[in-house]
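Residue-level structure breakdown
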Amino acid sequence: MQDLRALYEEVILDHNRRPRNFRRHPDAANRQAVGHNPLCGDQLQLELRVENGVIQDVAFDGAGCAISTASASLMTESIKGKTVEEAERLYRGVHDLLTRDGAGDGLGKLQVLAGVRAYPTRVKCATLAWHTLEAALRNAGTPVSTE
Amino acid sequence: MSRAADETLPARAAPARPFDPARVRADFPTLAQTVHGKPLVYLDSAATTQKPAVVIDAIARYYRCDNSNVHRAVHALGERATQSYEGARAKVRAFVNAASEREIVFVRGATEGINLVASTWGRANVRAGDEILITAMEHHSNIVPWQRLCEQTGARLKVAPITAAGELELEELEALIGERTRLVALAHCSNALGTINPVARIIERAHAAGAVVLLDGAQAAPHLALDVRALDCDFYVFSGHKLYGPTGIGVLYGKEALLDAMPPYQGGGDMIRTVTFERTTYNDLPYKFEAGTPHIAGAVGLGAAIDYVSGLGLEAIAAHERSLLEYGTALLREVPGLTLVGTAREKAAILSFTLASVHPHDIGTVLDHEGVAVRAGHHCAMPLMQRYGLPATARASIGLYNTREDIETLAQGLMRARELFG
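Rules used in this analysis
As a convention, each chain's residues are numbered from 1 in the sequence order in which they are written. In the order they appear in the text, chains get letters beginning with A and ligands get numbers beginning with 1. A pLDDT threshold of at least 70 governs which residues receive local features in this predicted model, and a stricter bar of 80 or more applies before side-chain atom pairs are shown or counted, although totals over entire chains, interfaces and linings include all residues. C-beta atoms are placed from the backbone for every residue, and two residues are taken to be in contact when these atoms lie within 7 Å. Helix numbering and strand numbering both begin at the N terminus, where a helix is a DSSP run of H or I of at least 4 residues and a strand a DSSP run of E of at least 2. Residues were grouped as follows: Ala, Val, Leu, Ile, Met, Phe, Trp, Tyr, Cys and Pro as nonpolar; Asp, Glu, Lys and Arg as charged; and all remaining residues, including Gly, as polar. These domain limits were set by an automatic method or by a database of domain assignments. For two strands to pair, DSSP has to find at least two bridges joining them. Between the N-to-C directions of two axes lies an angle of 0 to 180 degrees, each axis being a line fitted to C-alpha atoms and, for a helix, fitted only over the stretch in contact. Residue burial here comes from a neighbour count, namely the number of other C-beta atoms, placed from the backbone, that lie within 10 Å of the residue's own C-beta, with 20 or more meaning buried, 12 or fewer meaning exposed, and in between meaning partly exposed. When buried Ala, Val, Leu, Ile, Met, Phe, Trp, Tyr and Cys residues are joined through C-beta atoms within 7 Å, the set is termed a nonpolar core. Confidence scores labelled pLDDT are given residue by residue by the predictor and lie between 0 and 100. What the arc covers is the set of directions going from the helix axis to the C-beta atoms.

Comments concerning the interface of chain B and chain A
Facing 15 residues of chain B, the contacting portion of chain A comprises 16 residues. At the level of secondary structure, the elements contributing two or more residues to the side of chain B that touches chain A comprise helix H12 (360-369), strand E16 (375-377) and helix H14 (404-421) of chain B. Ranked by residues supplied to the side of chain B that touches chain A, first place goes to H12 of chain B with five residues. Looking at the side of chain B that touches chain A residue by residue, the classes come out as seven nonpolar, six polar and two charged.

As C-alpha cells, this is what we get:
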C-alpha cells in the first residue's frame, strides 16, 4: 500500500475525485482536440480559448482512469492564464518527467505525476491529456490516439 | 531413443486422484513467486493460462532430443519429430472427439483458424447478398475476419443481440437465420462475460436453414468437455495457450467434406503433392492447410497439455471451477459498489465487473500491488462494451489452479481499492 501511494498521491486522488475545469464548451472556445487511448477506452475532449497567445480559458470532458483524469485536471489548472509558449514548455517538461527521468524543474504541482514513471503501462494514461493539448494548440483536426 | 512414454497415454484417461487444487498448483512453476512482495494470485487465465511443468518439459525434451523437420526426413530424428507431431494431432482428435485426424488442422491459434475459414471457405462460398450471422458478444477475432469477408464479397454481416445479463436473445437470433444465411459464427463461451451459449440448439436451427456453423472455442476448450460430433458443428477453433499449452499453436477442426472442398489457405511446402510451373496439385487433408514447417514444438506442448488436463479430468476441472465461480460471485456481490457484468445462468469461471468510482485500470494497478493479476480493458470486444455503455471492465478469470483463498485475496484487494479511491 505504501509504494502504491507514490502513484496515487493525495493530489492525484483529489483531482480524480473533483476534477477542475471539468465541463464542456467554455465561452468562445477557439481551439479543441479529442484524445483517445484505445487500450483502456479513455476518451478526452479538450477545449481552449486562446487570445493574443494567452490561454484565457480551458475545459475538459470525458471518461478515464484516475491517472488520466487527474493529469488532465492538473494540466488545465497549470496552463490557464499561461502563454502558448509557456504551455508548450510545460508539455515538454511533463513529457520528460514521465518518460526520460526529467527532473521536473519548474513544473510545480505537476511534479506529483513523477510517480507514474515507475508504471510503464500507465504512462500513456498520464500523457493523454498533454498530447491532446499539443494537438489543440496546433489546432490539428484529427483525433489524438495513444496508439 | 524411444518415443516419450506419455505420448501413448489415452487422451481421456480417467482421473487418477480426486481433484486437489493445492497439489495441482504445485505443477505450475510460475505460480510459485511473489509479486510486489505478495504471493502471486493469477486470475487472468482467460487471457492466457500458466503452463504446467509437464508442458514446459515436453517442449524442452523435443528440442533437446528429437528436433528435426517433419514429414520428409528419412533419418531417425525426422521420424521421431514426425511421430511427435502426428501424435499430438491424434491427441487433439480424441480431445474434441473428431471422426478423423484429417479433420484436425494445426494453426497458430483460434484467430488464425477463423481467418483460415473466412478466407478459404468464405471466398469459395459467400456471394453478394449472402448473410453471415455473428453475435453481440464476439471477440474481435470473430468479428473482423467476417467483416473483411463481407467487404470483399458484398455479403452482409448480421449481429444477434444479447440481454442485459449477457445471454443471447435466442428468438431474435433464430429470426435472423434465413435462406441467405451462409454461416453462423459464435463463441461457445464468451471471453468477456463467461456466458456459455446454447450452441447445440443454434447449430440445429442453422443447419435446418442450410447454413454452416463455426464455433469459437478459445474460452470453452479449457472449461468444458468437447465433443464436436455430438455438437454437430461444422468448424471449431481453439488456442493451445488458453488450454495450459504453449502460445503460437491452435486447432481448426472442420468436417472432412467441408475441408476437402475448400481451396488451400497458404501456398508453400508440405501442402502440395506435385508442383510444376504450369500446375500444382495439393496434398491430402489436413496437410493441404499446413503450408511451411509447422510449429512442431508447439504441437508437442499442446499434446502434453491435453494429456495433463485429461489426466485431471475435464469434468473434475469444470466442477472445481464452477464451485469457485459460485464462491467468487457471492463474495464479489458483497463488495459495495461492485456490479457484475455478465450474469448468465450458464457461465464459465469468468468474473467481469465494474466498481463505482474506481476505473478498471486503477483496479488493475491496485490489485497488482496485492499480487493479484486481473485484466482491465475492453477484452477485445469493443462492440460488447458499447452494448453495456462501458469503456472497460475489470475481469478475474479462473483456471484449474485457483483456490478459494485466491478469490478471497481478490475481494480484499477490491476493498482496498474502494478505500483508496472512496
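Notes on the domain arrangement of chain B
Residues and elements named next belong to chain B. Per the domain assignment, the segments making up chain B are domain 1 (38-46 + 314-421) and domain 2 (76-310). On a C-alpha basis, the centroid separation for the pair domain 1 and domain 2 is 28 Å. Opposite the 23 residues of domain 1 that make contact, domain 2 presents 23 residues. At the level of elements, helix H11 (314-333), strand E14 (350-355) and helix H13 (382-388) are the ones that each hand at least two residues to the side of domain 1 that touches domain 2. Counting residues per element, the side of domain 1 that touches domain 2 draws most heavily on H11, at five residues. Among the residues making up the side of domain 1 that touches domain 2, the classes are represented as 13 nonpolar, four polar and six charged.

Structural notes on the sheet that holds strand E17 (residues 393-397) of chain B
Residue and element names in this part refer to chain B. A sheet is described by the order of its strands in space; here four strands give the open sequence E13-E14-E17-E16, paired in antiparallel fashion. The open sheet is flanked by strand E13 (338-340) and E16, the only strands paired with a single partner. For this sheet, the mean angle separating the axes of adjacent strands, direction not counted, is 30 degrees. Relative to E14, E13 runs antiparallel, the two being bridged by three bridges. Bridge pairing in E14 links Leu-340 to Phe-353.

Comments concerning the pairing of strand E4 (residues 104-107) of chain B
In regular strands, side chains alternate between the two faces of the sheet. Residues and elements named next belong to chain B. Across the two faces of E4 the burial is the same, with Ile-104 and Phe-106 and Val-105 and Val-107 all buried. Relative to strand E10 (residues 250-254), E4 is paired through four bridges, and the arrangement is antiparallel. Note on E10: the bridge partner recorded for Val-107 is Gly-250.

Notes on the nonpolar core
In terms of nonpolar packing, the biggest core is built from 165 residues, with Leu-113 of chain A together with Ile-132, Val-184, Val-213, Val-251, Tyr-253 and Ala-305 of chain B touching the most fellow members. At eleven residues, the largest contribution of residues to this core is made by helix H10 (residues 296-312) of chain B. Those residues within four positions of Val-251 of chain B in sequence are excluded, and the remaining contacts are Val-92, Ile-104, Phe-106, Val-107, Gly-113, Val-237 and Phe-238 of chain B.

A word on the confidence of the model for chain B
Residues and elements named next belong to chain B. Counting all residues, the mean pLDDT for chain B is 95, and 96% of those residues have values of 70 or more. Low pLDDT, under 50, characterises residues 1-13; the predicted model gives this stretch 20 contacts beyond four residues in sequence or across chains. Under the prediction, the complex receives an ipTM of 0.89, its pTM being 0.92.

What about helix H7 (residues 199-208) of chain B?
All names here are of chain B. When we look at burial in H7, the residues that qualify are Val-199, Ile-202, Ile-203 and Ala-206. Taken around the axis of H7, the buried residues stretch over an arc of 100 degrees, which confines them to a single face. Seen from the open side of H7, the exposed residues pointing more than 90 degrees away from its buried face are Ala-200, Glu-204 and Ala-208. Elements in contact with the buried residues of H7: helix H6 (170-176), strand E7 (181-187), strand E8 (212-216) and helix H8 (228-231). Among the residues trailing H7, Gly-210 stands out with phi positive, at a value near 85 degrees.

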